[in-house]
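# Structural description and commentary
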Amino acid sequence: MAIKAAAPEDYTSLQRGLILLSATMATTLYATTILVVSVILPQMQGSLSATQDQIAWVVTFNILATAVATPMTGWLAGTFGRRRTMIYAQTGFMLSTFACSVAPNLEFLVIARIFQGACGAPLVPLAQATILDSFPKEKQAFATSVFGMGVVIGPVIGPVFGGYLADLYDWRWAFYMIIPAAAVGLAGLLLFLPDSRTRSPSKLDWTGFLTLCVAVGSFQLMLDRGNREDWFDSIEIVIEAGLAALALYLFVAHSVTTSKPFLNLKHLTDRNYALGLVFVTVYGMLNFTPMVLFPPMLQGLMGYPNQVIGELLGARGAGAVLGFFSAMWIGRLDPRIGLTIGCAIQCASGIWMMTFSTDVSFIEVAIASGLQGFSVGVLWPPLTVATFRTIDPVYLAETSAIFHLLRNLGSSVFISLSVTALVRSSSINYSRLAEFITPFNENLNAAIAHGAASISAADGMARISLGVAKQAKMLGFLDAFTLYTAACIAMFFMIPLFRINVKKSN
């Protein structure tokens, strides 16, 4: 039997613990599937006889489904209640994950991934809203620290264990491993999750919903395919950008002129919430980007095996756990102090990465990865507390949905920007470095005299070309890390703008 809904101070410590455990487990499982596919794409491509562009839809359509379904969270919770929505979402997520594991062909797998993204999308914002509504203000930092582990560590667990099982068996086991845990998570939601204390059922604003879906979907598709299609040199990307801009304009115009919009833009007048949305967008930019950049750098330039790359991603997870435990203590302080500490550590990791070379050691990468995880763990609880401090509980589901939507969009935007910077910088740096490969370069001649490849021989030129390409690619990674550090620094300017000692808005 579910725990009866009550005010935060009316729950016992055991009830709060069970609520926190159930909500966090559901969140962790969904977060695990976000990047698990990244390590098994080559196996899936061969098994399903797909091209590289075709197999990319397994990732693209999952992201699109998540982006489209997330804004519906507030309406779903208001209509059906948080508890029922989360139970239905967890059930759909479990069934669609099973469908992914038994997919006989690419088309079936893509459809299953669409349902997996759409069903899993409401879990994170509703879990966060439930936790904030179940814990008194003085204990919210602790609760969001535990919950944040699921949000951040899930994408680390997925690639590590999914890749390991895929190497032992095949790619389907990356999905098989999630199903039993999803069943346990569903049982936890059925037994311990209370419904929201407030409900606000309303008719769905179809105009606002559809225009937002088109805006978010077109923008996400543009980001995902932009680098592959050479951005605005492609008619497809131009059309997607135009659709996104037009749909966003129609959504905003409709939302400010209708009495009951799909998403109430008046929440943006809340200073803390508006600042939190900007901050979480930048937070999202920095969250997954290193996990996307590290594997090709370590494997392509340094020759690290998959197992070692998994261990380095595990260092990030270990750092995140330490960060969240530290945040439980830091949470007793002003949230702006926690934000400052987290940003400082993240900047330090960015500066550390800017010193990498092709000879970078395992320890150096592990330190950078651990620092990133630690900073993410320290940042999440005070950011959540500061953002929702002035939001009335009746609006938590709706405002949490936008909070997590922008976090995901921030990740997509910055990953695309970083990959674009990497590709273009590598090409430019190769051209510049190649200018120095001449018989008149004294340093090159000295290297040749000591046994290096000779530019007068065909095989020697090939070896030199590979060496130049490797150095150019490394410079491209350093430029991407510089962009990462600049985004870290930008976060500092927002921290003093948060107001802490204020009453909740009504």
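Residue numbers here run from 1 along each chain, matching the order of that chain's written sequence. Local features in a predicted model are, by the rule used here, given only for residues with pLDDT of at least 70; side-chain atom pairs are given and counted only at 80 or more, and totals for whole chains, interfaces and linings are based on all residues. By convention in this description, side-chain values take in all heavy atoms of the structure and omit both hydrogens and water.

### Some points on the environment of Met-222
Examined against the element boundaries, Met-222 turns out to sit in helix H11 (residues 206-226). In this structure, the C-alpha to C-alpha distance between Met-222 and Ser-416, residues 194 residues apart in sequence, is 9.6 Å. Residues contacting Met-222, with those up to four places away along its chain left out, are Trp-231, Phe-232, Ile-237, Glu-240 and Ala-241. Strands are runs of DSSP state E lasting at least two residues, helices are runs of H or I lasting at least four, and both sets are numbered from the N terminus onward. Residue contacts are counted whenever heavy atoms from the two residues lie within 4.5 Å of one another.

### Some remarks on the side chain of Gln-372
Position of Gln-372 among the secondary structure elements: in helix H16 (residues 362-388). In this scheme, a residue with accessible area under 20% of its type's maximum is buried, one over 50% is exposed, and one in between is partly exposed, where area comes from a 1.4 Å probe on protein chains only. In this structure Gln-372 comes out as buried when scored by relative accessible area, which is 1%. Residues within four places of Gln-372 in sequence aside, it is in contact with Pro-290, Phe-294, Arg-316, Ser-349, Met-353 and Tyr-484.

### Here we look at the pattern of salt bridges
A side-chain nitrogen of Lys or Arg and a carboxyl oxygen of Asp or Glu constitute a salt bridge if their distance falls within 4 Å. Here the structure, examined in full by the defined rule, presents two salt bridges. Arg-82 is the salt-bridge partner of Asp-133, the closest N and O atoms lying 3.4 Å from each other. On the criterion of sequence distance, the pair formed by Asp-133 in helix H7 (residues 123-134) and Arg-82 in helix H5 (residues 82-101) is long-range, its members being 51 residues apart. Each member of the pair, Asp-133 as well as Arg-82, is classed as buried. Residue Arg-336 pairs with Asp-334 through a salt bridge whose shortest N-O separation is 2.8 Å. Note on Asp-334: relative accessible area 24%, which makes it partly exposed.

### A closer look at the confidence of the model for the protein
For every residue, the predictor assigns a confidence score, pLDDT, that lies between 0 and 100. Taken residue by residue, the protein gives an average pLDDT of 81. The fraction at 70 or more is 88%. Looking across the protein, the model is least confident in helix H18 (residues 442-449), with a mean pLDDT of 61, and most confident in H5, with 92.

### Considerations on the nonpolar core
The set of buried Ala, Val, Leu, Ile, Met, Phe, Trp, Tyr and Cys residues whose side-chain atoms join them within 4.5 Å is what this entry labels a nonpolar core. Core analysis: the largest hydrophobic core is formed by 108 residues, its most contacted members being Phe-279, Met-297, Leu-298, Phe-356 and Phe-481. No other element matches helix H13 (residues 271-300), which puts 13 residues into this core. Not counting residues within four places of it along the chain, the set of residues in contact with Phe-356 comprises Phe-294, Met-297, Glu-364, Val-365, Ala-368, Met-474, Leu-478 and Phe-481. Ranked by size, the runner-up nonpolar core spans 20 residues in total, among them Val-37, Ile-40, Val-58 and Ala-174.

### What to know about the packing of aromatic side chains
Side-chain rings of Phe, Tyr and Trp (the six-membered ring for Trp) are treated as a pair once their centres are within 6.5 Å; stacked means planes under 30 degrees apart, edge-to-face means over 60, and tilted covers the remaining angles. Per the counting criterion, the structure on display carries 13 aromatic pairs. Seen in terms of ring centroids, Trp-173 and Tyr-176 are 5.2 Å apart; in terms of plane orientation they differ by 80°. Their pairing is edge-to-face. One end of the pair, Trp-173, and the other, Tyr-176, are both in helix H9 (residues 173-176), three residues apart, so they sit about a helical turn from each other. Taken together, the ring pairs in this structure connect Tyr-273, Tyr-283, Trp-380, Phe-388 and Phe-403 into an aromatic cluster.

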